[in-house]
Number of protein chains: 2
Amino acid sequence: MHVSSAESREWTVTERRQAVTLRQVAAQAGVSRQTVSNVLNAPERVEETTLRKVQAAIESLGYQPNRTARSLATRQAGLIGYCLARHPGRSLFMDPFLHTLTEAIERTGRRMLVFTAPDGANGLATYADLIAQRAVDGFILSDTVGDDPRHAWLAGRGIPFASFGRTWPAQGEQPGPWVDVDGAGACAEMVGRLHAAGHDQIAFVGWCDPVPMGAAHDRRRGWQEECRRLGLSEQSACADSDSMQAAARATAVLLDEANPPTAIVAASDLLAVGVLTEVRRRKLRPGHDIWVTGFDDSVLAGSVDGGLTTVSQPTAGITSALVRLLDTGAERSGGVLLRGRIVARGSAPID
Amino acid sequence: MHVSSAESREWTVTERRQAVTLRQVAAQAGVSRQTVSNVLNAPERVEETTLRKVQAAIESLGYQPNRTARSLATRQAGLIGYCLARHPGRSLFMDPFLHTLTEAIERTGRRMLVFTAPDGANGLATYADLIAQRAVDGFILSDTVGDDPRHAWLAGRGIPFASFGRTWPAQGEQPGPWVDVDGAGACAEMVGRLHAAGHDQIAFVGWCDPVPMGAAHDRRRGWQEECRRLGLSEQSACADSDSMQAAARATAVLLDEANPPTAIVAASDLLAVGVLTEVRRRKLRPGHDIWVTGFDDSVLAGSVDGGLTTVSQPTAGITSALVRLLDTGAERSGGVLLRGRIVARGSAPID
DNA sequence: CTGAAAGCGCTTACAG
DNA sequence: CTGAAAGCGCTTACAG
């Protein structure tokens, strides 16, 4: 007679294994718990023979230290907090960025805790809770806005953090360590190379004010200063929303002017794709009749027909600098400004 | 004489405050530590007067329980693990999804730990480590692929999890709980509504094989079955990479055929934008000469000129179902299939 | 309803 | 180099 399915299932359910503890490793290796701890945290203190004996026990039992217990004893959560912002238009950059950042944090033996918080000063309470609960050891900040309140708040409490992006303080020095990409420099370089390729009507398409993101003004400034330096006209139009559609409308305005631009520098890839749409709608050929560039080197840039010339942000460099600054200490202010790299594609066949 | 800047800085550095502990609250309230714990975790057990006295002490001291200590005692990390995948083409959907998922987890009093892991079976070691270290209580899975190894592996060990996306097992039932959007149903409905609007040449643009994502086949199947049911021809072409460019090439093939389609259903918004590019390049007007639809309702869909008709995935419904299933228990298999909602815009002015 | 005791699984000085 | 002791800050039965 067969055992009923219900009965047999009782036996096949795999029990969630009881975790192996340091105590069991010590017992199996025939040493004290302290010695096992030393093997893990200060192997240089323990004799070769003991070391191997303990390591064998660890291996055979598949022991892994309980992070919670370790955290309680060391007073280190082993977790870094990162606040997720709502920024649909920036997803193409931020999603891969988070992946790379997480890898960078993991390489230091810690892990990433992500959380959500209200924008602005109201969000500070969430940061405060996380620290009060000892849930994280520090923070990586991104999606910084002009006069971002988080930096001074964290720095004032001695909470470790590093910021991707500047706060552009109206006066004084930015509190705490930061890493950023030199958007102004990259846009200036872009203008320079477009000019070298023969363009002397180089327009800019950015976002209309108010734009909280400081990087937006930075990119615009780079374009503007270089145009001024080269003695070029300063034609620009702004997108009234972060969409291709709005960029297309802005482009239409530029192209309807008496002296239409021969090149357009857009403040992001998404805007640039909108620019391209309007350009094509007018039967102008990107990269021939008019050159177009973007910013971010997102999946859109390689994905668009003919390819979009754009500025690649050095994600790996940014994240490794962030992690380094995080550990250097929040009390030390100062920043790291990284260069963006121009990636030439069909929409603007620079050099 | 002025105090030197270096000296004065010594005094202005704010010391990181020593955390308030339960013991201090107990002392201030004049009760035992146990009672404070009860006020926090079982307030119904404590008398009204005591309750208020303790709560006042908690308030005045700004006490927050140390999560690490609580975790050690309760054997609950209070953290749910989520593996970040590399999927640049899917960033537009996954980035907002993660935000919404994090909010859903936070509403249950837990937090999100994100991590990276190698693809396929090699990644299982990372999941194993996280559990062995008691760093997380369970997992939310996404970016599922055909015959995804994670589900059976986790279910076999009794580790709590819930999956966004099906594993499409070759045989048998999918292990563990899952939530998915009915891509086949949404695409079938799209075909039906295009047909009702007068179209009888409805082509499909998806990804070329091999495509790991099961959802890709699901969407295609919905299109195909509905075409068959309506007696329509089954025209399709595939993009050889996840890019607009490849979709544009696939579209060119379709439009060059003897009987070109009057409507094109694309498997994603990104592909649909590529379709639109080729359509416009041929001076065809989307929504007039040819109708085009996407999938995801990403920022691209609202962003493209005239708007892209697409399928909106019910993100909030997905994430709340995931959190519910996570707590229902991994031993119970079974899924929740949610409907995608068609959002009509200019590229296909359905109804 | 309230409190003294034990315990969660580690690490950290400190003796030997 | 190795080990006994105390402690990290909570919670959980269990008496009173």
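Since the structure is predicted, the reported quantities are computational estimates derived from the model, not experimental observations. (Residues numbered from 1 in each chain as written. Chains lettered and ligands numbered in written order. Predicted model: local features only at pLDDT ≥ 70, side-chain atom pairs only at ≥ 80, totals over all residues.)

**Student:** Hey, could you go over the protein's contact with DNA strand C for me, with residue numbers and the actual values?
**Tutor:** In the vicinity of DNA strand C, 25 residues are found, and the nearest of them are Leu22(A), Ser37(A), Ala69(A), Ala73(A) and Thr50(B). For the surface near DNA strand C, the elements supplying multiple residues, two or more each, are α3 (33–41) and α5 (67–74) of chain A together with α3 (33–41) and α5 (67–74) of chain B. (Near = placed C-beta within 6 Å. Helix = DSSP H or I, 4+ residues; strand = E, 2+ residues; numbered from the N terminus.)

**Student:** Report on the domain arrangement of chain A, specifying residues and quantitative values.
**Tutor:** All names here are of chain A. On domain assignment, one finds that chain A holds domain 1 (18–61), domain 2 (79–181 + 315–339) and domain 3 (183–314). Taking only C-alpha atoms into account, the centre of domain 2 sits 29 Å from that of domain 3. The interface is formed by 16 residues belonging to domain 2 together with 15 residues belonging to domain 3. Within the residue set of the side of domain 2 that touches domain 3, elements represented by two or more residues are α6 (91–106) and α14 (315–328). (Domains from an automatic or database assignment. Contact = placed C-beta atoms within 7 Å.)

**Student:** Explain the protein's contact with DNA strand D to me, using residue names and the numbers behind them.
**Tutor:** Every one of the 25 residues lining DNA strand D counts as a neighbour, but Ser32(A), Leu22(B), Ser37(B), Ala69(B) and Ala73(B) are closest to it. A per-class count over the surface near DNA strand D returns 11 nonpolar, 10 polar and four charged. (Nonpolar A, V, L, I, M, F, W, Y, C, P; charged D, E, K, R; others polar.)

**Student:** Pulling in residues and values, what's your account of unusual backbone geometry?
**Tutor:** Note: most residues except glycine have negative phi, and most peptide bonds are trans. The residue after Asp209(A), namely Pro210(A), is reached through a cis peptide bond having omega -5 degrees. One can find Pro210(A) in the loop between β6 (202–207) and α10 (214–230). In the Ramachandran plot, Asp296(A) falls in the positive-phi region, its phi being about 130 degrees despite a non-glycine side chain. Topologically, Asp296(A) is positioned in the loop between β9 (291–293) and α13 (299–303). Asp296(A) sits in the buried class, given 24 other C-beta atoms within 10 Å. Look at Lys283(B): it is not a glycine, yet its phi comes out positive at around 65 degrees. Locating Lys283(B) in the fold gives a position in the loop between α12 (269–281) and β9 (291–293). (Buried ≥ 20, exposed ≤ 12 C-beta atoms within 10 Å, placed from the backbone.)

**Student:** Can you lay out the environment of Ser142(B) for me, pointing to particular residues and giving the numbers?
**Tutor:** All names here are of chain B. As for its placement among the helices and strands, serine 142 is situated in the loop between β3 (138–141) and α8 (149–156). Classification of serine 142 as buried rests on a count of 22 C-beta atoms within 10 Å. Here the alpha-carbon distance between serine 142 and isoleucine 202, two residues 60 residues apart in the chain, equals 31 Å. Beyond its immediate chain neighbours, meaning those up to four positions away, serine 142 contacts Phe164 and Gly165.

**Student:** Lay out the sheet that holds strand β7 (residues 236–239) of chain A with the relevant residues and their values.
**Tutor:** Residue and element names in this part refer to chain A. What the four strands build is an open sheet, ordered β7-β6-β8-β9; its pairing is parallel. In the strand order of this sheet, the two ends are held by β7 and β9, each with one partner. Ignoring strand direction, the axes of neighbouring strands in this sheet form an average angle of 20 degrees. With four bridges joining them, β6 and strand β8 (residues 263–266) adopt parallel strand pairing. (Pairing = 2+ DSSP bridges. Axes fitted to C-alpha atoms, helices over the stretch in contact; angles between N-to-C directions.)

**Student:** Can you break down α3(A) residue by residue, with the values?
**Tutor:** Helical geometry: 3.6 residues make up each α-helical turn, so side chains three or four residues apart lie on a common side. Residues and elements named next belong to chain A. Buried residues of α3: Thr35, Val36 and Val39, and no others. One face of α3 carries all of its buried residues, which in axial projection span an arc of 105 degrees. Away from its buried face, by an angle of more than 90 degrees, α3 presents the exposed residues Gln34 and Asn41. Buried residues along α3 sit in contact with α2 (22–29) and α4 (48–61). (Arc of directions from axis to C-beta.)

**Student:** Describe the relation of the copies chain B and chain A, and please don't skip the residues or the numbers.
**Tutor:** Once chain B has been moved 0.0 Å along the axis and rotated by 180 degrees, it coincides with chain A to within an RMSD of 0.0 Å. Here the transformation between the copies is reduced to the relation of a two-fold axis. For chain B, the smallest separation between a C-alpha atom and the rotation axis is recorded for Leu113(B), amounting to 2.3 Å. Interface overlap between copies: 100% of the residues of chain B at the interface are likewise at the interface in chain A, consistent with a symmetric, same-surface contact. (Least-squares fit on C-alpha atoms with pLDDT ≥ 70 in both.)

**Student:** Can you break down the sheet that holds strand β8 (residues 263–266) of chain B residue by residue, with the values?
**Tutor:** Residues and elements named next belong to chain B. Pairing in this open sheet of four strands is parallel, and the strands run β7-β6-β8-β9 from one edge to the other. Here the strands that pair on one side only, and so sit at the sheet edges, are β7 (236–239) and β9. The mean angle between the axes of side-by-side strands here comes to 20 degrees, regardless of whether they run parallel or antiparallel. Along the sheet face, helix α10 (residues 214–230) touches β6 (202–207) and β8 and points at about 165 degrees away from the line of β6. Docked against the sheet, helix α11 (residues 244–255) engages β6, β7 and β8, running at close to 160 degrees with respect to β7.

**Student:** Kindly report on the environment of Phe115(A), identifying the contributing residues and their values.
**Tutor:** When you line up the elements, Phe115(A) lands in strand β2 (residues 111–115). On the neighbour-count criterion, Phe115(A) (22 C-beta atoms within 10 Å) is buried.

**Student:** Describe in detail the pairing of β7(B), supporting the description with residues and values.
**Tutor:** All names here are of chain B. A two-sided burial pattern is seen for β7, the buried positions comprising Ser236 and Cys238 on one face and Ala237 and Ala239 on the other. Bridge analysis of β6 against β7 gives four bridges, and the strand direction is parallel. If you follow tryptophan 207 over to β7, its bridge partner there is alanine 239. Crossover β6 to β7 through α10 is right-handed. (Right-handed = clockwise from strand over helix to strand, strands pointing away.)

**Student:** I'd like a description of the interface of chain B and chain A, backed by residues and values.
**Tutor:** Between chain B and chain A, the residue contacts involve 57 residues of the former and 57 residues of the latter. Secondary-structure elements contributing two or more residues to the side of chain B that touches chain A are α5, α6 (91–106), β2 (111–115), α7 (124–132), α11, α12 and α13 (299–303) of chain B. Counting residues per element, the side of chain B that touches chain A draws most heavily on α6(B), at 10 residues. By residue class, the composition of the side of chain B that touches chain A is 24 nonpolar, 18 polar and 15 charged.

**Student:** Break down the nonpolar core for me, citing the residues and quoting the values.
**Tutor:** Side chains of nonpolar character tend, in soluble globular proteins, to be buried together. The biggest cluster of nonpolar side chains holds 181 residues, and the ones touching the most others in it are Val205(A) and Val205(B). If we ignore the near neighbours within four places in the chain, the residues touching Val205(B) are Ala237(B), Ala239(B), Ala247(B), Ala250(B), Thr251(B), Ile264(B), Ala266(B), Ala267(B), Leu271(B) and Val275(B). Counting nine residues, the second-largest nonpolar core is a separate cluster that includes Val25(B), Val36(B), Val54(B) and Ile58(B). (Core = buried A, V, L, I, M, F, W, Y, C linked by C-beta atoms within 7 Å.)

**Student:** Summarise the confidence of the model for chain A; cite the residues concerned and give the values.
**Tutor:** Predicted coordinates in areas of low pLDDT are best not read in detail. When pLDDT is averaged along chain A, the result is 90; 93% of the residues meet or exceed 70. This model gives residues 1–16 of chain A a pLDDT under 50, and the stretch forms nine contacts once residues within four places in sequence are excluded. (pLDDT = per-residue confidence, 0-100.)

**Student:** Help me get a handle on the packing of α6(B) against helix α14 (residues 315–328) of chain B, residues and values and all.
**Tutor:** Residues and elements named next belong to chain B. Look at α6 against α14: their axes get within 9 Å of each other, and the N-to-C directions meet at 45 degrees. Of the possible angle classes, the one that applies to α6 and α14 is oblique. Considering only the axes of α6 and α14, their crossing is right-handed. Residue-level contacts link Pro96, Phe97, Thr100, Leu101, Ala104 and Ile105 of α6 to Thr315, Ala316, Thr319, Ser320, Leu322 and Val323 of α14. When its residues are assigned to classes, the contact of α6 with α14 shows eight nonpolar, four polar and no charged. (Parallel < 35°, antiparallel > 145°, perpendicular 65-115°, else oblique. Left-handed = near helix turned anticlockwise from the far one by under 90°.)

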